[in-house]
Amino acid sequence: MYKLVFPKIIATASLPLLALAASSAAYAQVDQIYYGGNIVTMNEKNLFVEAVAVEGDRITHVGRLADIKPLTDDGTERIDLEGKTMLPGFIDPHGHFVSAGTSALQQVDLNPPPIGNVTSMDDLIAKLTDEAEANSESEVIRGARYDDTLLDESRHPTREDLDQVSTSHPVIAKHISGHVTAVNSKALEMADITADTTDPDGGRVAKDSETGDPTGVLEGNAGQLVSDLTPETTKEDQLAGIRKASEMWTAHGFTTANDQPSNPDMIDVYKEALNDEDLFLRLTYWPRETNIEDARTYPAVESGSDITAGSNMIHHGPMKLVIDGSPQGYTAHFSQPYKTQRPQDDGSYRGFPYWDDRDEFFDFVEALHREGWQVTVHSNGDQGIQDTLDAFAAAQLASPREDARHTIQHSQFTRPDQLNQMAALDVHPDFFIGHTFYWGDRHKNVFFGESRAEHMSPLKGAYEHGLTPTTHTDTPVVPIDGIQMIWSSVNRMSTDGDIIGEDQQVAPLEALKAITTNAAWQYFQEDIKGSIEPGKLADFVILSDNPLSIGHLDPMKIKDIKVLETIVGGETVFEGETESIVAEQSAE
């Protein structure tokens, strides 16, 4: 169940952490104490404590129960964890918060197992047809997250397939990667996509090899050619999506989510959602623009800045750029060809960059860096990663800056030598660790071969190079699931039970850091979140078991840990029992 609350703000929020930790005089009593369980602070100097005290939305004391008890009075809520485990709330370093919520409410789910049940073209067509029949007044029929490599036909739906759904309404189906769009003939007609249509910058319009007509498959940025066919998302849609997404994230232990708006007006929607209690966890937003003029339309504040008058509910983050696409969508950019080529390829296909003008990309990165922006770049293939590293190096050379904390998103196929470059440039990766589970088998056997697949998402390598890595699920690409992220970081097991890169497995503590302390640090919020320490926000997740002890005894059993409660600013926002999708799959 969900308790919709607005976290309290206390006047002592600006006190130095040491003063809060050392002086009980500032707190004649506290609002809550937690005790009686495994309290894992994620502060390695003091990793385990007996009790935690909270006043308002802040942690005031951590330590021995005997020392904290004198601070309580008749008004203090005493919360016995009864052997359960308390951790700092999980932080999602990369997601699409609002679109995940609106997609869950508005689009047909075309996911394959283990998430959904679409395994053939007939399944896909049937689901979309059911939607068309149930909502005959809809302007467009939309589906999302099909996976061509898990369909019996091993291909994308074409215009002819989707014409079976409707010939009078546009039908649009998005690939699970988000980087391929399949449409029917009506959609092609309405968007005026013909044999004469040229490829847009960073995109490809697939065409029949014999007739030259578009097949209905739009790769990369070509999907934007049909964007005007979908109804405008209203503010009411966005607010409903924020509420739905808040439920999704908090049910899995997350107290901070991430969103990536392409319009500064969205910031006002976040604030309205917060005021209306539709947003009940913290949000860090990353603007997404392609030129410096549009970047300047966002608030001129430093990355990590609170824009909600001290509540710390909405924070400004880095500018996000996209240099390539998706490995499983054949749109990520590599230095070497894909192992299995598509029927239309000549054996040398390596994907492509989303910026046809490389100098333009470099200039934009440099301009952002020079103006003080933190920059994060979606880079999946090793060539996309290399272009990003080269751009960061050029920006630092032109305008040296300390502690810029530039990051690379996904970083899927980071080569060993690129970890060295990241360390030299002080650039840090955020790995889509779920690839080892959801696509590990196909990356190894189909797309890239054993050598490249074994080194995908090199989390251990990042730690060994002194980096501060994080992990994410890129929701709605796959469901938000903190336990799966920890389990995959430690085990790297695929859906078929193969271990994808044993050398890159990490200890449970390092897996936890990736979605707590490291995630707070990457986006300049380490002073207020990521660990259970005096002065930090009272953001917690309560689990059925301790990932550290379970991980030591039997790492595979991490998947069986359940999220029981999520607490934001000292207030419970989720209480129930949420199971990881990894555990659900193994139970079937």
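The model shown is predicted, which means the values in this text are computed figures rather than measured ones.

Details of helix α7 (residues 235-250)
An ideal rise of 1.5 Å per residue puts 22 Å on 16 residues; α7 measures up with 22 Å between its terminal C-alpha atoms. What α7 keeps buried is the set Gln238, Leu239, Gly241, Ile242, Ala245, Ser246, Trp249 and Thr250. End-on view of α7: buried residues confined to an arc of 160 degrees, all on one side of the axis. Residues of α7 that are buried in the fold lie against α3 (97-106), β13 (254-259), α8 (266-275), β22 (563-568) and β23 (571-578).

Side note on the pattern of salt bridges
Inspection of every chain in the model, using the stated rule, returns 24 salt bridges. Across the pair Glu272 and Lys235 runs a salt bridge whose closest N-O atoms are separated by 3.0 Å. Placement of the pair is Glu272 in helix α8 and Lys235 in helix α7, with a sequence separation of 37 residues. Among the residues examined, Glu272 registers a relative accessible area of 26% and is labelled partly exposed. Between Arg358 and Asp390 there is a salt bridge; the shortest N-O distance is 3.2 Å.

Notes on the nonpolar core
Ranked by size, the top nonpolar core spans 102 residues in total, and within it Phe97 and Leu321 carry the most contacts. Ranked by the residues each element gives to this core, the list is headed by α8, at 6 residues. Residues within four places of Leu321 in sequence aside, it is in contact with Glu289, Trp355, Phe361, Phe364, Val365, Leu368, Val375, Thr376, Val377 and His378. With 19 residues, the next largest nonpolar core counts Val108, Met121, Ala173 and Ala182 among its residues.

Let's talk about the confidence of the model for the protein
Model confidence for the protein is summarised by a mean pLDDT of 93, while 95% of its residues fall at 70 or above. Under a pLDDT of 50 for its full length, residues 1-26 has, in the predicted model, 56 contacts with residues more than four places off or in other chains.

Considerations on the environment of Gly203
When you line up the elements, Gly203 lands in strand β11 (residues 203-207). Separated by 258 residues in sequence, Gly203 and Gly461 have C-alpha atoms that sit 32 Å apart. For Gly203, the contacting residues outside a window of four places in its chain are Glu219, Gly220, Asn221, Ala222 and Phe352.

Considering the sheet that holds strand β17 (residues 375-379)
Taken together, the 5 strands give an open sheet; going across it, the order is β16-β17-β18-β19-β20, and neighbouring strands pair in parallel fashion. Of all strands in the sheet, those bounded by a partner on one side alone are β16 (319-322) and β20 (470-471). Bridge analysis of β17 against strand β18 (residues 407-410) gives 4 bridges, and the strand direction is parallel. Looking at β18, one finds that Thr376 is bridged to Thr407. Its contacts with the sheet place helix α10 (residues 358-370) against β16 and β17, and it is angled at close to 170 degrees to β16.

Some words on unusual backbone geometry
In this structure, the amide linkage connecting Pro113 to the following residue, Pro114, adopts the cis form with an omega of 10 degrees. Along the polypeptide, Pro114 turns up in the loop between β7 (108-109) and α4 (121-134). Put simply, Thr475 and Pro476 share a cis peptide bond, and its omega is 20 degrees. Even without being a glycine, Arg145 presents a positive backbone phi close to 75 degrees. Mapped onto the elements of the fold, Arg145 is located in strand β8 (residues 141-146). Classification of Arg145 by relative accessible area gives buried; the value is 11%.

Some remarks on the packing of aromatic side chains
Applying the stated rule across the entire model yields 22 aromatic pairs. Judged by centre distance (5.3 Å) and plane angle (75 degrees), the rings of Tyr330 and Phe447 are edge-to-face. Separated by 117 residues along the polypeptide, Tyr330 in the loop between β16 and α10 and Phe447 in helix α14 (residues 440-447) bring together distant segments of the chain. For the pair shown, Tyr330 and Phe447 are each scored as buried. The residue whose ring lies beneath Arg342 is Tyr349, and the NZ or CZ to ring-centre distance is 4.0 Å. Over the ring of Phe524 we find Arg405; its NZ or CZ atom is 4.1 Å from the centre of that ring.

Some remarks on a negative patch on the surface
Taken together, Asp199, Asp201, Asp356, Asp357, Asp359, Glu360 and Asp363 make up a surface patch of like negative charges. The class for Asp199 is partly exposed, based on a relative accessible area of 41%.

Rules used throughout
- Residues numbered from 1 in each chain as written.
- Predicted model: local features only at pLDDT ≥ 70, side-chain atom pairs only at ≥ 80, totals over all residues.
- Heavy atoms only, no water.
- Helix = DSSP H or I, 4+ residues; strand = E, 2+ residues; numbered from the N terminus.
- Expected span 1.5 Å × (residues − 1).
- Buried < 20%, exposed > 50% of the residue type's maximum accessible area, 1.4 Å probe, protein only.
- Arc of directions from axis to C-beta.
- Contact = heavy atoms within 4.5 Å.
- Salt bridge = Lys/Arg side-chain N within 4 Å of Asp/Glu carboxyl O.
- Core = buried A, V, L, I, M, F, W, Y, C linked by side-chain atoms within 4.5 Å.
- pLDDT = per-residue confidence, 0-100.
- Pairing = 2+ DSSP bridges.
- Axes fitted to C-alpha atoms, helices over the stretch in contact; angles between N-to-C directions.
- Phe/Tyr/Trp six-rings, centres within 6.5 Å; stacked < 30°, edge-to-face > 60°.
- Lys NZ or Arg CZ within 6 Å of the ring centre and 35° of its normal.
- Patch = residues over 30% accessible without salt bridge, like charges linked within 9 Å, V, L, I, M, F, W, Y side chains within 5 Å.
- Areas by Shrake-Rupley, 256 points an atom, 1.4 Å probe, with all protein chains shown as cover.
- Lys, Arg positive; Asp, Glu negative; His and termini not counted.
- Charge placed at Lys NZ, Arg CZ, Asp CG, Glu CD.

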